[in-house]
Number of protein chains: 2
Amino acid sequence: MKHTISVLVENKFGVLARISGLFSARGYNIDSLAVGETEDPSVSRMTIVVNAADERILEQIKKQLNKLIDVISVLDLTKKKHYDRELIMAKINFSKTLEPKISKITKRLPVKIIHRNKDSYVIEAVLDQEQAKDLMASLEEIGIKELARTGRIALEP
Amino acid sequence: MKHTISVLVENKFGVLARISGLFSARGYNIDSLAVGETEDPSVSRMTIVVNAADERILEQIKKQLNKLIDVISVLDLTKKKHYDRELIMAKINFSKTLEPKISKITKRLPVKIIHRNKDSYVIEAVLDQEQAKDLMASLEEIGIKELARTGRIALEP
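All values reported here derive from a predicted model rather than from experimental measurement.

**Student:** Mind showing me how you'd approach the side chain of A:Arg45 here?
**Tutor:** With respect to the helices and strands, A:Arg45 occurs in strand β3 (residues 43-51). On the basis of relative accessible area, A:Arg45 is assigned to the buried category, the value being 8%. A polar contact of 2.6 Å, which involves the side chain of A:Arg45, links it to the backbone oxygen of B:Leu147. Contact partners of A:Arg45, with chain neighbours within four places excluded, come to A:Ser6, A:Val7, A:Leu8, A:Ala34, A:Val35, A:Gly36, A:Thr38, B:Glu146, B:Leu147 and B:Ala148.

**Student:** Before we go on, may I ask you to explain the interface of chain A and chain B in this structure?
**Tutor:** In this complex, chain A contributes 51 residues to the contact, which on the side of chain B involves 51 residues. Interface of chain A and chain B: buried area, both sides summed, is about 4,600 Å²; carbon and sulfur atoms make up 60% of it. Considering only the side of chain A, the residues that lose the most area to chain B are A:Glu39, A:Ile153 and A:Leu155, jointly responsible for 13% of the buried surface there. The interface formed by chain A and chain B contains four salt bridges. For A:Glu124, the salt bridge identified is with B:Arg85, shortest N-O distance 2.5 Å.

**Student:** What is the right way to look at the nonpolar core in this model?
**Tutor:** One recurring pattern in soluble globular proteins is that nonpolar side chains are buried together. One finds A:Leu33 and B:Leu33 to be the most contacted residues of the largest nonpolar core, which totals 42 residues. Discounting chain neighbours no more than four positions away, the residues touching B:Leu33 are A:Leu16, A:Leu33, A:Ala34, A:Val35, B:Leu16, B:Met46, B:Thr47, B:Ile48 and B:Thr150.

**Student:** Quick question: what am I supposed to make of the pairing of strand β7 (residues 120-127) of chain A here?
**Tutor:** Two faces make up the sheet, and in a regular strand the side chains alternate between them. All names here are of chain A. Extensive coverage of β7 is indicated by the burial of eight of its eight residues. Of the two faces of β7, the one holding Ser 120, Val 122, Glu 124 and Val 126 and the one holding Tyr 121, Ile 123, Ala 125 and Leu 127 are both buried throughout. Where strand β5 (residues 83-93) lies against β7, eight bridges are found, and the strand directions are antiparallel. Looking across to β7, one finds that Ile 92 is bridged to Tyr 121.

**Student:** Whenever I open this one, the domain arrangement of chain A confuses me. Can you help?
**Tutor:** Frequently, the measure chosen for interface size is the accessible area removed from exposure when the parts meet. Residues and elements named next belong to chain A. Once the domains are mapped, chain A shows domain 1 (2-76) and domain 2 (83-155). Counting residues at the interface gives seven residues for domain 1 and five residues for domain 2. Across the domain 1/domain 2 interface, buried area totals approximately 510 Å², and carbon plus sulfur atoms make up 56% of it. Considering only the surface of domain 1 that becomes buried against domain 2, Thr 4, Ala 34 and Thr 47 emerge as the three largest contributors, covering 51% of it. In this assembly, domain 1 and domain 2 are joined by zero salt bridges. Linking domain 1 with domain 2 are two residue pairs in polar contact (both at pLDDT 80 or more). Sorting elements by how many residues they give to the side of domain 1 that touches domain 2 places strand β2 (residues 30-37) first, with three residues. Its residues assigned to classes, the side of domain 1 that touches domain 2 comprises three nonpolar, three polar and one charged.

**Student:** Can you walk me through the sheet that holds β2(A) in this structure?
**Tutor:** In sheet architecture, strand pairing relies on hydrogen bonds along the backbone and comes in two forms, parallel and antiparallel. In spatial order, the strands read β4(A)-β1(A)-β3(A)-β2(A)-β2(B)-β3(B)-β1(B)-β4(B); together these eight strands make up an open sheet with antiparallel pairing. In this open sheet, the two strands that pair with only one neighbour each are β4 (71-76) of chain A together with β4 (71-76) of chain B. Going from strand to strand, the sheet's axes swing by 15 degrees on average, the running direction of each strand aside. Where strand β1 (residues 2-10) of chain B lies against β4(B), five bridges are found, and the strand directions are antiparallel.

**Student:** What is the right way to read the side chain of A:Lys62 from this model?
**Tutor:** Residues and elements named next belong to chain A. When you line up the elements, Lys 62 lands in helix α2 (residues 55-67). One polar contact links Lys 62 to Asp 76, side chain to side chain, over a distance of 2.7 Å. In this structure, Lys 62 is in contact with Ile 5, Val 74 and Asp 76, ignoring residues within four places of it in sequence.

So, how was this worked out
- Residues numbered from 1 in each chain as written.
- Chains lettered and ligands numbered in written order.
- Predicted model: local features only at pLDDT ≥ 70, side-chain atom pairs only at ≥ 80, totals over all residues.
- Heavy atoms only, no water.
- Helix = DSSP H or I, 4+ residues; strand = E, 2+ residues; numbered from the N terminus.
- Buried < 20%, exposed > 50% of the residue type's maximum accessible area, 1.4 Å probe, protein only.
- Polar contact = N/O pair within 3.5 Å; in protein donor to acceptor, adjacent residues only side chain to side chain.
- Contact = heavy atoms within 4.5 Å.
- Buried area = accessible area lost by both parts, 1.4 Å probe.
- Salt bridge = Lys/Arg side-chain N within 4 Å of Asp/Glu carboxyl O.
- Core = buried A, V, L, I, M, F, W, Y, C linked by side-chain atoms within 4.5 Å.
- Pairing = 2+ DSSP bridges.
- Domains from an automatic or database assignment.
- Nonpolar A, V, L, I, M, F, W, Y, C, P; charged D, E, K, R; others polar.
- Axes fitted to C-alpha atoms, helices over the stretch in contact; angles between N-to-C directions.

Right, dumping it as structure tokens:
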């Protein structure tokens, strides 16, 4: 099961290395990670998505996170009501033949074309998990040249 | 000067810890970091934003990144033409008095209200750097209850 964990940390160097080390030491790979500033410049928020095969190990990791001095709070949003979003940017193939396929996608999903080359488009989209899966599957049919995803962030309502 | 560095890495555990360790060992704090999957599930893209006081040290870090076996490519987009975007989610104060201020923001910037409580709104916005600064300054006037930012991602056109 994929868990979305929101961690508030002191914005100091070394914190990121310690936290990612904590996951990797337990053999847990992080699916996605987004670290950004908060309204307080001394505090950053990390949103970590992990696929937890063993819930007990994840509980241990969360406990250890809470013990790190630079960690302010650890919140597992997985079972709470929350809004999650991810930003996806992609450079995709473009041709006259692909045009109908692309416009089908932009009609179905909130996808914005931000740059047009002769043979490629650059698009951006903010999506929840289900929409992100949908977009990725559709883009694969068209052909992705380059892809950048932010990883998920989430807030409680 | 803030640098935007795009790193393609093998999606293996420990890679994130090694890369963040490389920055922190040199006393470099990462401003933001976004790690997401790419079209190839075995490869992730990390977009790192660092404030490089000393360009020579940053050059060294980039060289060392290139030497790590799990690093596929390192691209410093700072001086190249690129599109950068960040996703910001915020829970902000809401009241009748604040309403005109909020609608002023949503008119000026591409901000979407995704949830309305009695005394707070949850918003999402995809912005470039300048717009992000603008939004943050405006939101501070209104009052931020909670904030989640993905950190910047970027693609060449």
